[in-house]
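Working through the structure, step by step
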Amino acid sequence: MPTVEVDPDALRQLTGHADKDDEQLREDLFALGLEYEGETEDGEFELEFAPDRLDRLSVEGVARSLRYQYGDDRGVYVPSTNDPEWTIHVDSDVPEERPYVTGAVIRGLDLDEPALESLIQLQEKLHATMGRQRAKGAIGVHDLTMLKGEVPNDEETTKSITYTGVEPDGDTFVPLDSNAEMAPADVLTDHPIGDTYADLVAGQDRYPAIYDEIGLFSFPPVINGRRTEVSTDSRDLFVEMTGTDQWTIDKMLTIVCYALDARGGQVEEVRVEYDDGSGPAAGRELVRPDLATKRKRVAHDDIETMLGVDLDERDVVDYFERSGLDAEADDGDDGTEYAVGVPPYRVDVLHPVDLIDDVGRAYGFNELEPRYPDVSTVGGRHERSRLEAAARDTLVGIGFEDLLNFHLIDEEQNYERLNVERPERSSGDGANGDSREPGTDVFGGGAAPTIEQPYSEDFTIVRTWALPSVMMVLENNTHRAYPQDLAEIGFSAHVDESENTNVAERRTVAAALCHAGASYEDAKSRLQALVDAFGKDLETPPTEHPTFISGRTASVEIDGETVGVIGEVHPEVIVEHDLELPVAAFEFDLEALR
Amino acid sequence: MKLPDAQVAVLEAASANEERTIDRIAGEADLDPTAATRAAFELEEEGLLAVTERTSSEVSLTEEAEEYVETDLPELRLYRAAVSLGADEEAVELGRVIGEAGLDGPAVDIALSNFARKAYGEIDSGEVTADPEKNADSDDEAAALDALAAGSAAYQSDVIIEDLENRGLVERSETTVRSVTLTENGVTALMEGIETAETVGQLTSELLTSGEWRDVEFSEYNVEADAEEPTPGRQHPLRRMAEQVKDTLVGMGFQEMQGPHVDADFWINDCLFMPQDHPARNHWDRFALEEPGAIDELPEDLVAAVESAHREGVGPDGEGYHSPWDLDFAKALALRGHTTSLSARHLSGEAMGELEPPQRFFSIEKAYRNDTLDATHLLEFFQIEGWVMAEDLSVRDLMGTFTEFYEQFGITDIEFKPHYNPYTEPSFELFGRHPETGEMIEIGNSGIFRPEMLEPLGVDCDVMAWGLALERLFMLATGAEDIRDVHGTLVDLEYLRSEEVTY
């Protein structure tokens, strides 16, 4: 979940509630769903919250929500904007991997150090969330006075910058935190930040680049140039965003504009003009930021049904307004409906249910009286689950200690340590799977579903049988009293192209007897007792299996079908698991008892 | 007549004319007194012996009293010292008298209080005067102690004994003395001759079928001795907890779901209205499979409906995500990150055909997270997943259902914290008061499925759902502190063998 660091003094100042002490602020924040996690060295609150209200990623946004909660503000607020002076041209050299741009100018700021830090934090947090680590949207903030707009040939006074592409070793600029002129490719290899974001442009012929009349000044989404670096002396800012989706960067821009408006800045629009041939948006002309209010209709009945209470229309309008929304009641197709105005920073409102949720929060969900739904249904266990429980009861009754092991394991444990040959991994052409690969014709020997990016080298595949896990428990418990007669009814799987998912999943009964004198006969007597209990016929014709001693190994045949294996475990396997006592074991498909 | 040998010995040691104490009988019969007593009662039941009981009370000296017999009572030492310092004529400073008497520690207090009680003189303003009329050599209590020490039975008046008892110098105890005499039948039996019955260790099938068991004596066992403990078959504690939760849910009308562990991302995420570029869907968090890579087939209509919900949203005022949506990505296989994939398969009709409301379903099956292992997190865990499908469900119904469920596990006082979840709205984190510590702790996640999830699945009523980790409930209920000690191959068999049974 995202966290945001918020200076309590800034909160008091921005909400206009100098009287609130830290404790009260923490309570009010909790009521908003912002959980206090601790404090930074500078005494800022560290707040954690669910990633829906991304407009609360800055102290300015949190303060706005608090003012609604306090009742200081009601309804929708939209900052005023001035007409555009600047234009962003997008030309046909723009990389197709990152075709979109947006922007705004903010004037008349007087940012102190904390306010500047808050802006930087908002930028980072937006990158981490909506921006998907800058892949989907990346923000650049520049000191406007350092930009020089081209003066076009005609009489227009508009100034402009150009979003385009640059050869990796083309034009150079001095990136932030550096003194050297670098080409974009050099930034990726020689600059610490370049290194971090190099993956985002890897393999592209042209890298995203922004130019003004002087030249290249920004290399999104990697790094800005030093020339336009923002400081506490900056009064006017140029905010641009590039990305893979216009809506996403426009919303990120909106959230930044609201935050800077709260700091006393005057928002000024910017034109975005996509040239012909500039990719999917070619020919489009936009004016940004787009601060238009969205309208959605919500039926009164739907609100009452969802909350389970009767509500007065005026109260509902009040709840909407206290949530920073506008609402007007009218008669719609489904009785009373509300036309609800949603401010542009609300990126979380996709459907009217999201607005009902706001009403619920304003009403207070914990004010609702729980009631047990008057709905009658008949409960029951899944057949396989009943079978599993019955088989486990029987196993426990005949003296097995029940185990519960992981379904994930590594290949060596699953195959080699049980003397079973590891099937070769497919080379990715999908041609393998069923049988006849080395090792796949023995029980437990099939190809395992393999994890792409394993977290740990101990858990790289789904086990193909359960006996390896049982052997591991024996290995880890040699200091404990014997007999150790262990069993597990557990999940395993193997690659099987006849299945829709290409994976056959099953539950098997795996059991091992480990004590002085443990023999084939011991194992068979228990297996016999188990199979008898389910009214099935057991036969054990001799077979070979690399885990077991030759001549003391049999197929488990239940009602005429070969479903598993039983035998005395081979000394190699026993010694491999550091055991000093004989082990007799069996494993077979649980389904055979059905 | 055949009798067990202990009874024979007691019978032979008893007399018809003289009451003999059990101690004496035991001595003669070479039995320990307990065995002799038991044999005597058994013989009384058979009418061969009469047992009489007499209670006698005894007075014995305590350790403290034994010491005073040697050194004199402290108050007498005080009196003698006072007289020797002339306190019988003129008051003497207390400290001097105590010094002269050689008293210290608790003995000083004992001396002072009893000196006053027996009126050997007065103590006032730190000075002692001794009553010249008194005689320390004829103290009643001292005399009684001496007599008791000498073993004299002719003890003193009860009043004095009581005083001594109050001072903790004597203890009174009662003992029961049993004596036996032969009855007429006993004499007759002896005259007719009595044989000793043989003793047996193990009750055998032969003894039972021949009726011989009637004439044998069973040798005594040391029934208090420790016995070797068996290694019983036991169900795994976490498994037992799962069964308990299943029972509870079945009792509440829930039906169980099962389904694939390895599944297409479509069922795991797309059907749940999780955008394809959601951070939880990147390959670092999820268990994407390298082999096999993708599901063969997905229901076409459903795919189209789900894609449309992602792109356009549902309903006249709905809107979709501004995220890419790609069929290949949806078909990619992974170990399911939650068992909500089962809910999606059931709600869509894929698992068991179209469902008509009302329905309640649950599963307690494994989910997989490619994440750090620690005391409370495993790579695989059992997710309790449940949902209710009905017309017009409200947040109150959700609260009522979960309040009822958690009460079954002793967790009351539930709070619902509004939360965010891509596939439910409203969404709530559930907090409950820990039955032991009283803390409010997170016990699950819940919500009402969004229209963008339900509409493509073809569900046109409401569905509320919740989930939590079985391991979390287990740790709460049992106080287990490290889940790695419970679930997996690192388990200690000693733990499985000794963990208390829950029910």
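Residues numbered from 1 in each chain as written. Chains lettered and ligands numbered in written order. Predicted model: local features only at pLDDT ≥ 70, side-chain atom pairs only at ≥ 80, totals over all residues. Heavy atoms only, no water.

**As for a nonpolar patch on the surface**
Residue and element names in this part refer to chain B. A cluster of nonpolar side chains, Leu203, Leu208, Trp213 and Phe218, forms an exposed patch at the surface whose accessible area comes to about 370 Å². For Leu203, the location among the structural elements is in the loop between strand S9 (199-200) and helix H11 (205-210). Given the relative accessible area of 41%, Leu203 is considered partly exposed. (Patch = residues over 30% accessible without salt bridge, like charges linked within 9 Å, V, L, I, M, F, W, Y side chains within 5 Å. Areas by Shrake-Rupley, 256 points an atom, 1.4 Å probe, with all protein chains shown as cover. Salt bridge = Lys/Arg side-chain N within 4 Å of Asp/Glu carboxyl O. Helix = DSSP H or I, 4+ residues; strand = E, 2+ residues; numbered from the N terminus. Buried < 20%, exposed > 50% of the residue type's maximum accessible area, 1.4 Å probe, protein only.)

**Let's talk about the sheet that holds strand S6 (residues 127-130) of chain B**
Residues and elements named next belong to chain B. Taken in spatial order, the three strands line up as S4-S6-S5 in an open sheet, and their pairing is antiparallel. Each edge of the open sheet carries a strand with a single partner, namely strand S4 (92-93) and strand S5 (121-124). Two elements, S5 and S6, share four bridges in a ladder whose sense is antiparallel. Bridged to Ile123 within S6 is Val128. Each of S5 and S6 touches helix H7 (residues 106-117); the most contacted strand, S5, lies at about 125° to it. (Pairing = 2+ DSSP bridges. Contact = heavy atoms within 4.5 Å. Axes fitted to C-alpha atoms, helices over the stretch in contact; angles between N-to-C directions.)

**Observations regarding the sheet that holds strand S7 (residues 170-182) of chain B**
All names here are of chain B. Spatially, three strands are ordered S2-S7-S3 in an open sheet, and the strand pairing comes out antiparallel. Looking at the sheet topology across the chains shown, the edges are occupied by strand S2 (20-21) and strand S3 (49-61). Across 13 bridges, the pairing between S3 and S7 is antiparallel. Across the sheet, the residue bridging to Leu49 is Leu182, located in S7. Contacts between helix H9 (residues 158-166) and the sheet are confined to S3 and S7, with S7 contributing the most and set at about 120° to the helix.

**Describing empty space enclosed by the protein**
Tallied over the entire structure, the rule returns seven cavities of 30 Å³ or more. The space that makes up the largest cavity amounts to roughly 210 Å³. Around the largest cavity, the lining is made up of 24 residues, and of these A:Glu388, A:Arg507, B:Arg239, B:Glu365 and B:Phe382 lie nearest the centre. Mapped onto the lining of the largest cavity, the elements with two or more residues apiece are helix H11 (383-397) and strand S21 (484-495) of chain A together with helix H12 (237-251) and strand S15 (359-368) of chain B. Its residues assigned to classes, the lining of the largest cavity shows seven nonpolar, six polar and eleven charged. The space that makes up the second largest cavity amounts to roughly 120 Å³. Broken down by element, the lining of the second largest cavity gets its largest block of residues, four residues, from strand S17 (residues 415-421) of chain B. Looking at the lining of the second largest cavity, its residues break down into seven nonpolar, two polar and seven charged. (1 Å grid on protein atoms, 1.4 Å probe; cavity = no way out; pocket = protein on both sides within 12 Å on 5 of 7 lines; lining within 4 Å. Points joined across faces, edges and corners; volume = space filled by probe spheres on them. Nonpolar A, V, L, I, M, F, W, Y, C, P; charged D, E, K, R; others polar.)

**Observations regarding unusual backbone geometry**
Here the residue pair A:Pro220 and A:Pro221 is connected by a cis peptide bond, since its omega of 0° sits within 30 degrees of zero. Note on placement: A:Pro221 falls in the loop between strand S9 (216-219) and strand S10 (223-224). The residue after B:Pro357, namely B:Pro358, is reached through a cis peptide bond having omega 0°. Assignment of secondary structure puts B:Pro358 in the loop between helix H16 (340-347) and S15. The phi dihedral of A:Asp559 falls on the positive side, at around 45°, and the residue is not glycine. One can find A:Asp559 in the loop between strand S24 (548-558) and strand S25 (561-569). You will see that B:Phe273, though not glycine, has its phi angle at about 55°, which is positive. Locating B:Phe273 in the fold gives a position in the loop between helix H13 (265-268) and strand S13 (287-291).

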